[in-house]
Amino acid sequence: MMSEENRSYPTTLWRLIRTPPASGAWNMAVDSAILEAVGEEAVPPTLRFYSWQPPCLSLGYAQPIADVDTTRLQKKGWDLVRRPTGGKAILHADELTYAVIGPKEEPRLQGGVLESYQRLSMGLLSGLKKLGLPVQVVTDPGDADEDQAICFQIPSDFEITIQGKKLIGSAQARKKEGVLQHGTLPLSGDLTRITQVLAFKDGITRTQAQKRLLDKAINVEMIAKETVSWESAAQALIAGFEEALQIEFEEGDLTPWERNRAETLMAETYQNPTWTHRI
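Residues numbered from 1 in each chain as written. Predicted model: local features only at pLDDT ≥ 70, side-chain atom pairs only at ≥ 80, totals over all residues. Heavy atoms only, no water.

Q: Explanation requested: the environment of R18 in the structure shown.
A: In this structure, R18 sits in strand β1 (residues 12-18). Considered as a pair, R18 and G252 are 234 residues apart in the sequence and their alpha carbons are 8.2 Å apart. Sequence-distant contacts of R18, that is, excluding residues within four places in its chain, are made with F49, W230, E231, Q235, I238 and E251. At 3.4 Å, the side chain of R18 forms a polar contact with the side chain of E231. A polar atom in the side chain of R18 sits 2.4 Å from the side chain of E251. (Helix = DSSP H or I, 4+ residues; strand = E, 2+ residues; numbered from the N terminus. Contact = heavy atoms within 4.5 Å. Polar contact = N/O pair within 3.5 Å; in protein donor to acceptor, adjacent residues only side chain to side chain.)

Right, here's the structure in full:
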């Protein structure tokens, strides 16, 4: 079988979107609106880059709201949103977020979760190497501790690491409309900030969680020893997807339908406590 590193794809055209910093509810609504548009064949496969303002704690689709210390979160003035994808909690701040959205028949997305995850990891890996980062892909993550509430404490198959520490946290959903995979690349900042807004039984366990996180996660600045801008990181990932996955990108924007649908999804779902607090 041909390895993913050496796999050849037919060159194809995808849409590239850069959206300005926005709330967690808007960002998740936009990803979902694009997925619906893809399902209607109204738009091509899309690579989207975005960021979050204010910082936002996102929970995985099936993660209990009890993992969050909502009082601490409100005091920080940070957002809270539940993702349409699985996984554990992520604090989105000082980062580049990507989303890949396309039909299940797309050669880079077809198959199961792990197959498509592995293919997309090759694009991410190629892009990060263009930033001079000594990245690797996890192929045997070992036993994950399912009790942990934090995404970056749990490296998964085909995720990106540096020196054994997780660099990108990604999650995927495969729906009838198509495939949505989004992930976060921390560029700078204190990785342990997330522990300030999660629920722990006491200060000792919070401190222990901070230590575990620093043992298992890393950001770009920590390894590059310099600040890498959002735009520089985005350009590197674009080049990586072009090279590893034979994709040509056409710069675009959300369609009026996608924008209107995102407004509806934001109000009805991602800002709605019945969604956010459903577990």
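Q: How should I be thinking about the nonpolar core in this particular structure?
A: A general trend in soluble globular proteins is that nonpolar side chains are found buried together. In this structure, L47, F49, L128, L167, L185 and F241 are the most contacted members of the largest nonpolar core, which totals 39 residues. Take this core: its biggest share by element is seven residues, from helix α6 (residues 230-245). Residues contacting L185, with those up to four places away along its chain left out, are E95, L96, L128, L167, I168, V220 and A233. The next biggest cluster of nonpolar side chains, apart from the first, holds 26 residues, and it includes V30, Y50, V81 and I101. (Core = buried A, V, L, I, M, F, W, Y, C linked by side-chain atoms within 4.5 Å. Buried < 20%, exposed > 50% of the residue type's maximum accessible area, 1.4 Å probe, protein only.)

Q: Can you help me understand the packing of helix α1 (residues 24-39) against helix α7 (residues 256-270) in this one?
A: For any two helices packed against each other, the geometry is given by the interaxial angle and the distance between the axes. Remark: α1 packs on α7, axes separated minimally by 8 Å, with the N-to-C direction vectors making an angle of 125 degrees. The angle between the axes of α1 and α7 places the two elements in the oblique class. Of the two elements, α1 crosses α7, and the hand of that crossing is right-handed. Residues A25, W26, M28, A29, V30, S32, A33, I34, E36 and A37 of α1 lie in contact with α7, whose contacting residues are W257, E258, R259, R261, A262, E263, L265, M266 and Y270. Per-class residue counts for the contact of α1 with α7 are 13 nonpolar, one polar and five charged. (Axes fitted to C-alpha atoms, helices over the stretch in contact; angles between N-to-C directions. Parallel < 35°, antiparallel > 145°, perpendicular 65-115°, else oblique. Left-handed = near helix turned anticlockwise from the far one by under 90°. Nonpolar A, V, L, I, M, F, W, Y, C, P; charged D, E, K, R; others polar.)

Q: Help me understand unusual backbone geometry in this model?
A: Across the chain, the bulk of peptide bonds are trans and the bulk of non-glycine residues have phi less than zero. Cis geometry marks the peptide bond from Q53 to P54, where omega comes out at 0 degrees. Mapped onto the fold, P54 is located in the loop between β2 (46-50) and β3 (56-59). Residues other than glycine seldom take positive phi values, yet E41 does so here, at roughly 60 degrees. With respect to the helices, strands and loops of the structure, E41 is situated in the loop between α1 and β2. Unlike most non-glycine residues, Q246 shows phi in positive territory, near 55 degrees. Note on placement: Q246 falls in the loop between α6 and β12 (247-251).

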